[in-house]
Amino acid sequence: MDVNGTVAEGFEPVRVAFARNFEALGDRGAALAVYRDGHKVVDLWAGTKDVDGTEPWQHGTAQVVRSATKGVAAAVLLLLRQRGELDLDAPVAEYWPEFKARGKERVLVRHVLDHRAGLPVIDRPLTPEEALDPLRGPEAVAAQAPVWEPGTDHGYHALTYGWMLDELVRRVTGIGAGEWIAREISGPLGAEFWLGLPQAEEAAGRAGRVGRVEAPEPTGALRARPRRSVTEAYQDPDSLTRRAFAAITPFPDQNEPAYRASALPATNGIATADGLARIYAALIGEVDGVRLFDPATVELARAEESSGPDRVLVVNTRFGLGYMLHGSASPFLGPGSFGHPGRGGSLGFADPETGIALGYVTNGFRKTVTADPRAQALVRAVRSAL
């Protein structure tokens, strides 16, 4: 595999690990960017732009990053709080009165971010057409009763997270999260991240085609299998796990222009590896004169809010405010890291202690929800280079 791009002195192991992802771990097309103290030290890409094509991946090829979107979307609410426009300890209904129906009066804004709102499912899943309407998802969540007492437990809000966050942003600012990100985050930073791919970028062919890829057969070792409880949760149509991921049924074709042009803050951000890493770098420090989070907001983002058995993912998870924290479900660089993986492989995170920010995007989606082996191999390589 021909790997394109550059690594700074000392980061050569990262190039080796990136190449090995294609040789041994089944990557088809991918890119990786790493910043240290606001400066790019790794910029790599290889493979094909489309998971099922032959056109080479170019510098600047973007992909759907699934739930890695959540980390960028979380920054919107934390920046609104930093600017004094949003109170994390206020009831959601203070900003969105219709939300308080059916026992949700005590759902706080922070519960949306830390997955404690008790609203990971909706009783009637949305169709793909309904999901692309920015009004229908929030309406469905507003009409939903919690499945546990808000604030008392946590479980991953796979899709409903985005509808709640988007409506909060709209009620506070008058615009949706996608437009706010473009105006206040991506634009000032020059970061290639879109929540709602502009028509001009679609026409220019910036985004590649994504698709499912199977993991290669292991050699010389036993295949790691999910625990039986996890497997059963994904197979049981009545489980919170299945229902949370089926809040849109059937799931839209992620390669359709209409899907890529929509704004679903839980799942359909489109980014280059550099765009994702650049945003995380600006959360913890200055990048070309732009810094997003002040030091107090960095600490707020990575302070543990939820930990232990996750009622949806059926493994132990740790969350801060909108971000997964370093742990067994999704290991990052170290105990102080915060970020978010995307189901299937993508990853973005920052580690304030080392000044590292990482973005990895791929067009080959695996069955993994959190700790994808390809992303984890890259994290280990970065750690070895420090």
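## Remarks on the overall build of the chain
Each helix and strand counted, the chain has 15 helices and 14 strands in total. For a compact globule of 386 residues, the expected C-alpha radius of gyration is about 21 Å, and the chain comes in at 19 Å, within 12% of that figure. Across its three principal axes, the chain shows a C-alpha extent of roughly 55 × 50 × 40 Å. Considering only contacts in the chain between residues 6 or more positions apart, those separated by 24 or more positions represent 68%. For the chain, the computed accessible surface area is about 14,900 Å², with 49% contributed by carbon and sulfur atoms. Here the chain holds 42 positive side-chain charges and 49 negative ones, and the gap between their average locations is 5 Å.

## Things to note about the packing of helix H7 (residues 160-173) against helix H8 (residues 177-189)
For the pair H7 and H8, interaxial distance at closest approach is 8 Å and the crossing angle is 65 degrees. As summarised for this structure, H7 and H8 are arranged roughly perpendicular, according to the angle between their axes. Contacts from Leu165, Asp166, Val169 and Thr173 of H7 reach H8 at Ala177, Gly178 and Trp180.

## A short note on the packing of aromatic side chains
For the structure on display, the rule yields 10 aromatic pairs. Between tryptophan 96 and phenylalanine 99, the ring centres sit 4.9 Å apart and the planes meet at 45 degrees, which makes this aromatic pair tilted. Here tyrosine 156 and phenylalanine 319 contribute two aromatic rings whose centre-to-centre distance is 6.2 Å and whose plane-to-plane angle is 10 degrees, an arrangement assigned as stacked. Note that tyrosine 156 is positioned in the loop between helix H6 (136-142) and H7 and phenylalanine 319 in strand E9 (residues 316-319), a separation of 163 residues in sequence. Given the relative accessible area of 3%, tyrosine 156 is considered buried. Taken together, the ring pairs in this structure connect Tyr156, Tyr234, Phe245 and Phe319 into an aromatic cluster. One cation-aromatic arrangement involves lysine 104 over phenylalanine 99; the distance from NZ or CZ to the ring centre is 5.2 Å.

## Considering the sheet that holds strand E4 (residues 63-64)
Taken in spatial order, the 3 strands of this open sheet run E4-E7-E5, and their pairing is antiparallel. Each end of this open sheet is capped by a strand with a single partner; those strands are E4 and strand E5 (193-194). Note: E4 against strand E7 (residues 270-271), 2 bridges, orientation antiparallel. By the bridge assignment, valine 64 is partnered in E7 with isoleucine 270.

## Concerning helix H1 (residues 12-24)
Between the first and last C-alpha of H1 there are 18 Å, a value that for 13 residues agrees with the 18 Å anticipated at 1.5 Å per step. Considered for burial, the residues of H1 that qualify are Val14, Ala17, Phe18, Ala19, Asn21 and Phe22. Along its buried surface, H1 packs onto strand E2 (29-36), strand E3 (39-47), strand E13 (356-362) and helix H15 (373-385). At the exit of H1 stands glycine 26, carrying a positive phi of roughly 85 degrees.

## Here we look at the nonpolar core
In this structure, Ile185, Leu292, Phe293, Tyr323 and Phe338 are the most contacted members of the largest nonpolar core, which totals 79 residues. Discounting residues that sit within four places of it in the chain, phenylalanine 293 has contacts with Ala75, Leu78, Leu79, Gln82, Ala282, Leu283, Val298, Ala301 and Tyr323. Judged by nonpolar contacts, the second largest core, of 39 residues, contains Phe18, Val41, Phe245 and Tyr360.

## As for the environment of alanine 282
Structurally, alanine 282 is set in helix H13 (residues 273-284). Assessed through its relative accessible area of 0%, alanine 282 is described here as buried. Once the C-alpha coordinates of alanine 282 and tyrosine 35 are considered, the two residues, 247 residues apart in sequence, prove to be 9.7 Å apart.

## Here's the deal with H7
The terminal C-alpha atoms of H7 lie 20 Å apart, and with 14 residues this matches the ideal 20 Å at 1.5 Å per residue to within 8%. Among the 14 residues of H7, 10 are classified as buried, and the element is accordingly described as predominantly covered. Within H7, the full set of buried residues consists of Thr160, Tyr161, Gly162, Trp163, Met164, Leu165, Asp166, Glu167, Leu168 and Val169. Its buried side turned inward, H7 meets helix H2 (69-82), helix H3 (92-95), helix H4 (109-113), helix H5 (128-131), H6 and H8.

## A word on the confidence of the model for the chain
The share of residues in the chain with pLDDT of 70 or more is 97%, and the mean pLDDT across the chain is 95. The low-confidence segment residues 219-224 (pLDDT under 50) makes 2 contacts with residues lying over four places distant or belonging to another chain.

## Some details on the environment of phenylalanine 18
Positionally, phenylalanine 18 belongs in helix H1. Taking relative accessible area as the criterion, phenylalanine 18 reaches 0% and is therefore assigned buried. For the pair phenylalanine 18 and histidine 340, spaced 322 residues apart in sequence, the C-alpha separation works out to 20 Å. Apart from the residues within four sequence positions on either side, phenylalanine 18 is in contact with Val3, Ala30, Ala31, Leu32, Leu44, Trp45, Ala46 and Leu378.

## Side note on the pattern of salt bridges
This structure, assessed with the given rule, holds 26 salt bridges. For lysine 40, the salt bridge identified is with aspartate 274, shortest N-O distance 3.0 Å. Note that lysine 40 is positioned in strand E3 and aspartate 274 in helix H13, a separation of 234 residues in sequence. Assessed through its relative accessible area of 14%, aspartate 274 is described here as buried.

## Here's the deal with unusual backbone geometry
Omega for the bond connecting threonine 249 with proline 250 falls within 30 degrees of zero, at -10 degrees, which places this linkage in the cis form. The residue histidine 115 is not glycine, and still its phi comes out positive at about 65 degrees. Assignment of secondary structure puts histidine 115 in the loop between H4 and H5. Judged by its relative accessible area of 0%, histidine 115 falls in the buried class. Despite not being glycine, valine 314 has its phi angle at roughly 60 degrees, a positive value. Note on placement: valine 314 falls in the loop between strand E8 (306-309) and E9.

Calculation notes
- Residues numbered from 1 in each chain as written.
- Predicted model: local features only at pLDDT ≥ 70, side-chain atom pairs only at ≥ 80, totals over all residues.
- Heavy atoms only, no water.
- Helix = DSSP H or I, 4+ residues; strand = E, 2+ residues; numbered from the N terminus.
- Rg over C-alpha atoms; globule rule 2.2 N^0.38 Å.
- Contact = heavy atoms within 4.5 Å.
- Areas by Shrake-Rupley, 256 points an atom, 1.4 Å probe, with all protein chains shown as cover.
- Lys, Arg positive; Asp, Glu negative; His and termini not counted.
- Charge placed at Lys NZ, Arg CZ, Asp CG, Glu CD.
- Axes fitted to C-alpha atoms, helices over the stretch in contact; angles between N-to-C directions.
- Parallel < 35°, antiparallel > 145°, perpendicular 65-115°, else oblique.
- Phe/Tyr/Trp six-rings, centres within 6.5 Å; stacked < 30°, edge-to-face > 60°.
- Buried < 20%, exposed > 50% of the residue type's maximum accessible area, 1.4 Å probe, protein only.
- Lys NZ or Arg CZ within 6 Å of the ring centre and 35° of its normal.
- Pairing = 2+ DSSP bridges.
- Expected span 1.5 Å × (residues − 1).
- Core = buried A, V, L, I, M, F, W, Y, C linked by side-chain atoms within 4.5 Å.
- pLDDT = per-residue confidence, 0-100.
- Salt bridge = Lys/Arg side-chain N within 4 Å of Asp/Glu carboxyl O.

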